[in-house]
Amino acid sequence: MERYNFKIIEKKWQKFWEENKTYKTKVDKNKKKFYCLEMFPYPSGKIHMGHVRNYTIGDVLSRYKNLKGFNVLHPMGWDSFGMPAENAAKQNNQDPKVWTENNIKTMKTQLKQLGLSIDWDREISTCSEEYYKHQQKFFIEMFNKGLVYKKENYVNWDPVDETVLANEQVIDGKGWRSGAVVERKKLSQWFFNISKFADDLQNELEKLKEWPNKVKVMQQNWIGKSFGCEIDFKILGNPDIKSVKCFTTRPDTLFGFSFLALSVDHPLSELYKNDPKFNKFKDNCSKTGTTEESIANAEKIGFKTNLQAINPLDENKIVPVYFANFVLMDYGFGAVFGCPAHDQRDFDFAKKYKLEIKTVVKPLDQKDGYEVSLEAYTGPGTIINSDFLNNLKVPDESVIETIKILQKKKLGKKKINFRLKDWGVSRQRYWGCPIPIIYDEQGNYRTAPEESLPIKLPENINLNTKGNPLSSIEEWKKIKINGKDYYRETDTLDTFVDSSWYYLRFCSPKNLEEPFDLNDINYWMPVDQYIGGVEHAILHLLYSRFFMRAIGYQNKNFTFKEPFKGLFTQGMVCHETYKDNKNNWRSPDEIITKDGKNYFLKSDNSERIKVGPSESMSKSKKNTIDPERIIELYGADAVRFFILSDSPPEKDIQWSEQGMLASYKFIQKLFLLNDKVQNLIKLEKQNESDELSKYINQYLNKIERNLSNFQYNVIIANIHEAHAFIMKVIKEEKNFSNLINEYSKFLISVAPILPHFANECLSLLNIKDYSWPKIDEKFLIEENVSIVVQLNGKKRGIIITKKDIAEEELVKEIFKSKTFDKFLKDNTIKKKFYVKNRLINFLIEQ
RNA sequence: GCCCUCGUGGUGAAAUUGGUAGACACAAAGGACUUAAAAUCCUUGCCCUUUUGGGAGUGCCAGUUCGAGUCUGGCCGAGGGCACCA
């Protein structure tokens, strides 16, 4: 018998699918739709194992839904604007467009080698003019709706290259190319008003039943809705300053007020701009890192002003005003009222500057006279030491009541605050979608006139210039309208804008006039299953949700509001890391081991290699495995099989060459089985094997259940078991009359995972058109069940008996059986617990 | 520091959601086949027992229950998220 030659067979089927347009999207109105989308890749050069995992998971689902009779939309495209193209251009003097297009070509070939059921006729690329021209129209539409505005914002500025740097381009506070110390610089930039939808984005989250909870919690924290009030604090010490506004979620602790703290960027800082001590303090504040983690334990420092604030609930109470490093200008009003006893940061601050720490909340389990001592108390309790607020229950009653009182006295008002900031979309880069804005000579801006659209990126330009390349191309910048000179905006859009609506474009990819047909998107949207990495849990997914609200929902008659009905976030692909004795990273291809314990360098057997922990594959640690090489060695089906086998898809998976090899060998075994069946069915037909039908139907039942739960690793185990079972059945060397029928069901069941192999085997059986097999319910009914027999909760054996047996009858059978005789005969049974068809537990006297 | 998730053999993991713990696979050891190797197949897998059997056992400690990997409380550990968020 011939071995299964994946090289020939996989190519043959890929050619067949391409020529027959097998995976072209079809719409049959009698069928339901299913939109399966995986996050589209950035065309960085070659595909990596993460792509293989992501797209295999999606492909299994698409193929399954297809076989189940859905109209499936399963497209693919390229998130092709972005920095790597521009970096490559600068380093290797390549045109970003050419570089990107070459990468797309390579990666498309690689994806095809994986045997994905993608409708390539719908391919889109965000860097193409046909794509980004629509995006410019969206920008204008949003501008006209008041969802776009310009604001000053801080950026990382490289003074040598005169360019803005992304966070990842700043290494140890220095520019990645120039090595210059990065400065904080204010630039005027474009913003999308995402915070306008903050409340809706938050409220709709809970309706996303098919999203992982983890992602919803992350978005919830990001949006950060909080309920509280704004309070005006009267200020003494400067006749020009009347009051300062604060936001607080804890107005109920106002009687514990002992200082007022301002952000160093607060407007009042203007008063101190010529004070060298204040400026030194401000510098100190900027030295503390900007991440929450680095600041959490950082020392709380302050700058005492000559101002004082009056407690609105007790005018005799006057406290000092500080600038403090833990107050943010972006949130609330850049000012907080300090209540040290019930906020840890305020507590730390008060300790340092010896300010009053007055306890105003008593925990429920504490006696009278309770005082906060070692740390702030932030939990529930009752209000104390607070005059007319005393005895209110914290927090439900106290916060609401205090707000009511403040409102009555006109000292403050109820307010809901959000953490979510507006989305800065300006990028000072070449390789992105040009922003359709023009400026007159006075610097006044307006949207670019309709007839000047689309604004195309200039080609063949020199990228090795200082600053944003677009701003140095005078002829591109200039535009004349009605004889008047205007200048184009030279910022381009954040690439997250590109990916915020691409899933709509897939519904009508060929429409030249409009970004989509309303009919198409109302048919296909929302995406039924979106699959991608958890690293996009916040930004990409939140921006996409925002886009639906900004462009569509209100006035475009969309029949949906949320873009992604189901979301699945897959884990990463990991591999051990290797270092040589000079502490350089080494790639797995350079390493050899004979015993699995001691590792050496292939090129130099004497050099021992240190094996590090398994980490997600990355070029910098050299622990990557090239999918192309693996497909070449083992075939696409084997890679697909392995990448699903070892771990549940949502968890990280460990790459294992042995595991990969085992998957390859298993396919060879399946082919051997196929060969045997092929020979058997040529024999004269025998009676039916009931056992076989029963097994296959129960197996299909399990597969469907596991498919719907994304338990693909368990499906792989089910397939192994089914293979072993069928092998056992055919050992009898009989052509059971149901053999070909049941066996072909098995082949169809593996088709979503092993499409080349399954199609080849099915065509050898002359099966060309097939759909997902219907489960025959009668085989799911068991006549016999095995019931666990327990004594005092301990398993003493199993009894096989007929299904739905009555308790009395079962007990009789157990007493008849010799196995249980020794346990039961000398004991009195106090009680019995019978779980139908599962288990019986006898409680006996000890 | 705050929020979330997770702790099951040498390893990756299953467990019909409170009812046979360790399916399936990798690795290891032993065996069969072979002149030999590779490949393939079988067996084993903690403790006591020659076997039959029995016992312990799902991070640790308690609790609920006839029965807990699964539920509750506390502790320990690992991973992830975080924009100084008032």
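What counts and what doesn't
Residues numbered from 1 in each chain as written. Chains lettered and ligands numbered in written order. Predicted model: local features only at pLDDT ≥ 70, side-chain atom pairs only at ≥ 80, totals over all residues. Heavy atoms only, no water. Helix = DSSP H or I, 4+ residues; strand = E, 2+ residues; numbered from the N terminus. Buried < 20%, exposed > 50% of the residue type's maximum accessible area, 1.4 Å probe, protein only. Contact = heavy atoms within 4.5 Å. Areas by Shrake-Rupley, 256 points an atom, 1.4 Å probe, with all protein chains shown as cover. Lys, Arg positive; Asp, Glu negative; His and termini not counted. Charge placed at Lys NZ, Arg CZ, Asp CG, Glu CD. Axes fitted to C-alpha atoms, helices over the stretch in contact; angles between N-to-C directions. Parallel < 35°, antiparallel > 145°, perpendicular 65-115°, else oblique. Nonpolar A, V, L, I, M, F, W, Y, C, P; charged D, E, K, R; others polar. Disulfide = S-S within 2.5 Å. Pairing = 2+ DSSP bridges. Salt bridge = Lys/Arg side-chain N within 4 Å of Asp/Glu carboxyl O. Patch = residues over 30% accessible without salt bridge, like charges linked within 9 Å, V, L, I, M, F, W, Y side chains within 5 Å. Phe/Tyr/Trp six-rings, centres within 6.5 Å; stacked < 30°, edge-to-face > 60°. pLDDT = per-residue confidence, 0-100. Polar contact = N/O pair within 3.5 Å; in protein donor to acceptor, adjacent residues only side chain to side chain.

(A) Main features of the overall build of chain A. In terms of regular secondary structure, chain A is built from 25 helices and 40 strands. Projected onto the principal axes, the alpha-carbon positions of chain A cover approximately 105 × 85 × 70 Å. The buried share among the 846 residues of chain A stands at 52%. Pairs at least 24 apart in sequence give 71% of the contacts found in chain A among residues at least 6 apart. Roughly 41800 Å² of accessible area belongs to chain A as shown, and the carbon and sulfur atoms make up 48% of that amount. The centroid of the 129 positive side-chain charges in chain A is displaced by 2 Å from the centroid of its 115 negative side-chain charges.

(B) Layout of the packing of helix H20 (residues 690-708) against helix H21 (residues 712-730). Contact geometry of H20 with H21 gives a least axis separation of 9 Å together with a crossing angle of 170 degrees. The angle between the axes of H20 and H21 places the two elements in the roughly antiparallel class. Counted together, Glu691, Leu692, Tyr695, Ile696, Tyr699, Lys702, Ile703, Asn706 and Leu707 of H20 and Tyr712, Val714, Ile715, Asn718, Ile719, Glu721, Ala722, Phe725, Ile726 and Val729 of H21 form the full contact between these two elements. Tallied by class, residues from the contact of H20 with H21 come to 14 nonpolar, 2 polar and 3 charged.

(C) Geometry of the state of the cysteines. For the coordinates displayed, the defined rule picks out 0 disulfides. Here Cys229 stays free of any disulfide, with the sulfur of Cys246 as its closest cysteine sulfur at 9.9 Å. Residue Cys229 is classed as buried on the basis of its relative accessible area, which comes to 0%. Cys339 carries a free sulfur, and the closest cysteine sulfur to it, the one in Cys246, is 13 Å from it.

(D) Looking closely at unusual backbone geometry. Cis geometry marks the peptide bond from Leu453 to Pro454; its omega dihedral reads -10 degrees. Counting through the fold element by element, Pro454 comes out in the loop between strand E23 (445-447) and helix H12 (474-477). Pro526 follows Met525 through a cis peptide bond whose omega is -5 degrees. Looking at the secondary structure, you find Pro526 in the loop between helix H15 (518-524) and strand E27 (529-533).

(E) Spatial organisation of the environment of Glu299. Tracing the sequence through the fold places Glu299 in the loop between helix H9 (292-296) and strand E13 (302-311). For the pair Glu299 and Phe349, spaced 50 residues apart in sequence, the C-alpha to C-alpha distance is 8.4 Å. Beyond its immediate stretch of four places on either side in the chain, Glu299 contacts Asn325 and Lys352.

(F) The arrangement of the pairing of strand E24 (residues 478-481) in detail. Burial along E24 is one-sided: Ile479 and Ile481 are buried, while Lys478 and Lys480, pointing the other way, are not. Bridge count between E24 and strand E25 (residues 484-488): 4 bridges; the pairing is antiparallel. Within the sheet, the bridge partner assigned to Lys478 lies in E25 and is Tyr487. Count of turn residues in the E24/E25 antiparallel hairpin: 2 residues, of which Asn482 carries a positive phi of about 50 degrees.

(G) Inspection of helix H3 (residues 83-92) at higher detail. Burial of H3 is extensive: 7 of the 10 residues sit out of reach of the surface. Residues of H3 that are buried sit in contact with helix H4 (96-113). After H3 finishes, the residue Asn93 shows a positive phi value of roughly 55 degrees.

(H) Quick peek at the pattern of salt bridges. Evaluation of the coordinates by the stated rule reveals 45 salt bridges. A salt bridge links Lys97 to Glu459; the nearest nitrogen and oxygen atoms lie 3.4 Å apart. Taken together, the residues Lys97 in helix H4 and Glu459 in the loop between E23 and H12 connect sequence positions 362 residues apart. When the shortest N-O distance is used, the salt bridge between Arg545 and Glu562 registers 2.9 Å. Placement of the pair is Arg545 in helix H16 (residues 539-553) and Glu562 in the loop between H16 and strand E28 (567-570), with a sequence separation of 17 residues. Look at the salt bridges and you will find they share partners, linking Asp200, Glu204, Lys207, Arg545, Arg549, Lys561 and Glu562 into a network.

(I) A look at a negative patch on the surface. Where like charges cluster on the molecular surface, the negative patch consists of Glu688, Asp690, Glu691 and Glu783. Mapped onto the elements of the fold, Asp690 is located in helix H20.

(J) Representation of the sheet that holds strand E2 (residues 71-73) in the model. Reading across from one edge, E2-E1-E27-E28 is the order of the 4 strands in this open sheet, with parallel pairing throughout. Strand pairing shows two members of the sheet lacking a second neighbour, E2 and E28, which therefore form its edges. The average angle at which neighbouring strand axes cross in this sheet is 20 degrees, direction not considered. Pairing between strand E1 (residues 33-38) and E2: 3 bridges, direction parallel. Paired with Phe34 across the bridge in E2 is Val72. Strand contacts of helix H2 (residues 49-67): E1, E2, E27 and E28, with the helix running at about 175 degrees to E1, the strand carrying the most contacts.

(K) How the structure looks around the packing of helix H18 (residues 636-645) against helix H23 (residues 755-764). Axis separation between H18 and H23 bottoms out at 7 Å; the angle between their running directions is 125 degrees. Looking at the two axes, H18 sits oblique to H23. Residues Ala636, Asp637 and Arg640 of H18 form the contact with H23, whose own contacting residues are Pro755, His756 and Phe757. Along the lines of polarity and charge, the residues of the contact of H18 with H23 split into 3 nonpolar, 1 polar and 2 charged.

(L) Summary view of the packing of aromatic side chains. Using the criterion set out here, one finds 68 aromatic pairs in the structure. Consider the rings of Tyr4 and Phe671, whose centres lie 5.1 Å apart with planes at 50 degrees: the pair is tilted. Residue Tyr4 is located in the segment before helix H1 (6-20), and its partner Phe671 is located in helix H19 (residues 657-680); the two are separated by 667 residues in the primary sequence. Judged by relative accessible area, which is 4%, Tyr4 ranks as buried. Residue Phe671 is classed as buried on the basis of its relative accessible area of 10%.

(M) Layout of the pairing of strand E9 (residues 183-192). The pairing of strand E5 (residues 148-158) with E9 spans 10 bridges and is antiparallel. Each residue of the ladder has a partner; that of Tyr149, found in E9, is Phe191. Here E9 runs beside strand E20 (residues 423-424); their pairing, made up of 2 bridges, is antiparallel. In the sheet register, Phe192 faces E20, and the bridge partner there is Trp423.

(N) A nonpolar patch on the surface, seen in detail. Residues Phe227, Ile400 and Ile416 make up a contiguous nonpolar surface patch of about 250 Å² in total accessible area. Here Ile400 falls in the partly exposed class, since its relative accessible area comes to 43%.

(O) Focus on the confidence of the model for chain A. Mean pLDDT over chain A: 89, with 96% of residues reaching 70 or higher. Across the interface, the model reports ipTM at 0.93; the global pTM reads 0.92.

(P) Looking closely at the side chain of Thr305. Tracing the backbone shows Thr305 in strand E13. Its relative accessible area of 8% is what places Thr305 among the buried residues. From its side chain, Thr305 meets the backbone oxygen of Val321 in a polar contact 2.7 Å long. With near-sequence residues (within four places) excluded, Thr305 lies in contact with Tyr272, Val321 and Phe323.

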